[in-house]
Amino acid sequence: MSPLPATIPAIVRTRVRAAVRRPARRTPEEDEARTLLLRLCSLLLQYPDTELAAARPVLTATVDALPASPAATHLAAFTAWFTGQEQEALERHYVAMFDLRRRSSLYLTYYLHGDTRRRGMALLTLNQRYRAAGWDIDGSELPDHLPVVLEFAALAGPGRGEAPLRQHRRGLELIHRALTDADSPYRHVLAALCALLPPPTEADRAAVDRLVTEGPPNEEVGLTPYGDGEFAPPGTFVPPTPAPPTRVPPAPTSRTEGPR
């Protein structure tokens with residue numbers, strides 16, 4: 001593109017350049033593919049229980065049918081690994097990556113606010129955003145859990161739906177970096193997601209570097225779901241806070257030993 005004449009006022013020149021850089025409006029087919037990509041990322045980042053493991057052939061076929069894109073390439077690399085693993089191995093790997101490491105936790109507000117009172121407010125604000133859009137989560141997960149945020153993005157669309165993803169861009173970058181350092185195939189799912197978002201700025205990269213070194217903010221009050229202590233590097237064991245039981249087991253009848 002030839003340079004703009006110097007006689008054009010600066011504000012006009014700036015607006016012309018902004019218009020040139022503005023991405024073209026997506027077609028309905030492209031919007032549909034984007035929604036499907038977000039839903040796939042949400043599903044593939046959930047715990048690989050029996051139901052999800054049984055759906056692997058369908059998930060793989062869906063990914064293979066996606067239009068060619070960097071995000072689709074990354075998801076294809078992930079599903080190739082995902083379908084070839086025993087379910088028990090998948091479960092162990094998922095727990096090791098997302099439950100025992102702070103740096104690759106899937107709870108996004110942790111990276112922005114750490115274990116502080118501000119995180120509780122951020123969770124409340126996020127839940128209010130969902131309700132304002134007519135979506136009420138069932139409460140089985142916190143509203144900042146990445147699969148939940150991704151499902152909302154798919155339901156509500158690129159504007160308000162993807163706003164939480166853009167707000168937590170630095171946290172997503174840190175998760176991707178941690179998974180890459182750990183050589184986890186889940187890095188491909190984060191790479192697919194990041195490919196759908198605006199690229200990180202230099203300020204974003206600098207902030208991620210600080211998070212790697214210093215960790216998120218911390219104080220001894222507020223929501224602390226990931227235990228106390230310093231920001232653990234990849235490979236460091238960080239015991240999670242035990243979760244309450246999801247169901248009450250039946251009382252033993254013929255055995256004197258209680259349920260394990």
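Everything below is about the structure printed above this text.
What this report covers is the structure whose coordinates are included nearby.

**Focus on the nonpolar core**
Across soluble globular proteins, nonpolar side chains show a tendency to be buried alongside one another.
Okay, so step 1: Counting residues in each nonpolar core, the largest one holds 49 residues, and the members touching the most others are Leu75, Leu146, Leu165, Leu172, Tyr186 and Leu193.
Okay, so step 2: Looking at this core element by element, the count peaks at seven residues for helix H9 (residues 146–156).
Okay, so step 3: The residues touching Leu75, leaving out its near neighbours within four places in the chain, are Leu37, Leu40, Cys41, Leu44, Val63, Leu66, Val189 and Ala192.

**Description of the packing of aromatic side chains**
The geometry of an aromatic ring pair is captured by two quantities: the separation of the ring centres and the angle between the planes.
Okay, so step 1: Applying the stated rule across the entire model yields 13 aromatic pairs.
Okay, so step 2: Here Tyr94 and Tyr186 contribute two aromatic rings whose centre-to-centre distance is 5.9 Å and whose plane-to-plane angle is 75 degrees, an arrangement assigned as edge-to-face. Note that Tyr94 is positioned in helix H6 (residues 87–99) and Tyr186 in the loop between helix H11 (169–181) and helix H12 (187–196), a separation of 92 residues in sequence.
Okay, so step 3: We classify Tyr186 as buried; its relative accessible area is 0%.
Okay, so step 4: Their ring planes at 70 degrees and their centres at 5.8 Å tell us that Tyr110 and Tyr111 sit as a pair that is edge-to-face. This pair shows no difference in class: Tyr110 is buried, exactly as Tyr111 is.
Okay, so step 5: Among the aromatic side chains, those forming a connected cluster through ring pairs are Tyr47, Phe78, Trp81, Phe82, Tyr94, Phe98 and Tyr186.
Okay, so step 6: Directly above the aromatic system of Phe82 lies the positively charged group of Arg56, at a separation of 6.0 Å from the ring centroid.

**Side note on the pattern of salt bridges**
Okay, so step 1: Taken as a whole and judged by the stated rule, the model has ten salt bridges.
Okay, so step 2: Put simply, Glu173 and Arg169 hold a salt bridge, and the shortest N to O gap is 2.8 Å. Here Glu173 and its partner Arg169 are both found in helix H11, four residues apart, which amounts to about one turn of the helix.
Okay, so step 3: The salt bridge partner of Asp204 is Arg170, with a shortest N-O separation of 2.7 Å. Of this pair, Asp204 sits in helix H13 (residues 202–214) while Arg170 sits in helix H11, and the two are 34 residues apart along the sequence.
Okay, so step 4: On the basis of relative accessibility, which here comes to 14%, the residue Asp204 falls in the buried class.
Okay, so step 5: The exposure class assigned to Arg170 is partly exposed, which follows from its relative accessible area of 35%.

**What about the packing of H11 against H13?**
Okay, so step 1: Closest axis-to-axis distance for the H11/H13 pair is 9 Å, and the angle between their directions is 60 degrees. When the axes of H11 and H13 are compared, the pair comes out oblique. In the crossing of H11 with H13, the sense of the turn from one axis to the other is right-handed. Between H11, through Arg169, Arg170, Glu173, Leu174 and Arg177, and H13, the contact on the second element is made entirely by Ala203, Asp204, Arg205, Ala207, Val208, Asp209, Leu211 and Val212.

**Section: the side chain of His188**
Okay, so step 1: Its place among the elements puts His188 in helix H12.
Okay, so step 2: What makes His188 buried here is its relative accessible area of 18%.
Okay, so step 3: Discounting chain neighbours no more than four positions away, the residues touching His188 are His74, Ala77 and Phe78.

Definitions and cut-offs
- Residues numbered from 1 in each chain as written.
- Predicted model: local features only at pLDDT ≥ 70, side-chain atom pairs only at ≥ 80, totals over all residues.
- Heavy atoms only, no water.
- Core = buried A, V, L, I, M, F, W, Y, C linked by side-chain atoms within 4.5 Å.
- Buried < 20%, exposed > 50% of the residue type's maximum accessible area, 1.4 Å probe, protein only.
- Helix = DSSP H or I, 4+ residues; strand = E, 2+ residues; numbered from the N terminus.
- Contact = heavy atoms within 4.5 Å.
- Phe/Tyr/Trp six-rings, centres within 6.5 Å; stacked < 30°, edge-to-face > 60°.
- Lys NZ or Arg CZ within 6 Å of the ring centre and 35° of its normal.
- Salt bridge = Lys/Arg side-chain N within 4 Å of Asp/Glu carboxyl O.
- Axes fitted to C-alpha atoms, helices over the stretch in contact; angles between N-to-C directions.
- Parallel < 35°, antiparallel > 145°, perpendicular 65-115°, else oblique.
- Left-handed = near helix turned anticlockwise from the far one by under 90°.

Honestly, that's just the spatial picture; any functional story needs more than this.
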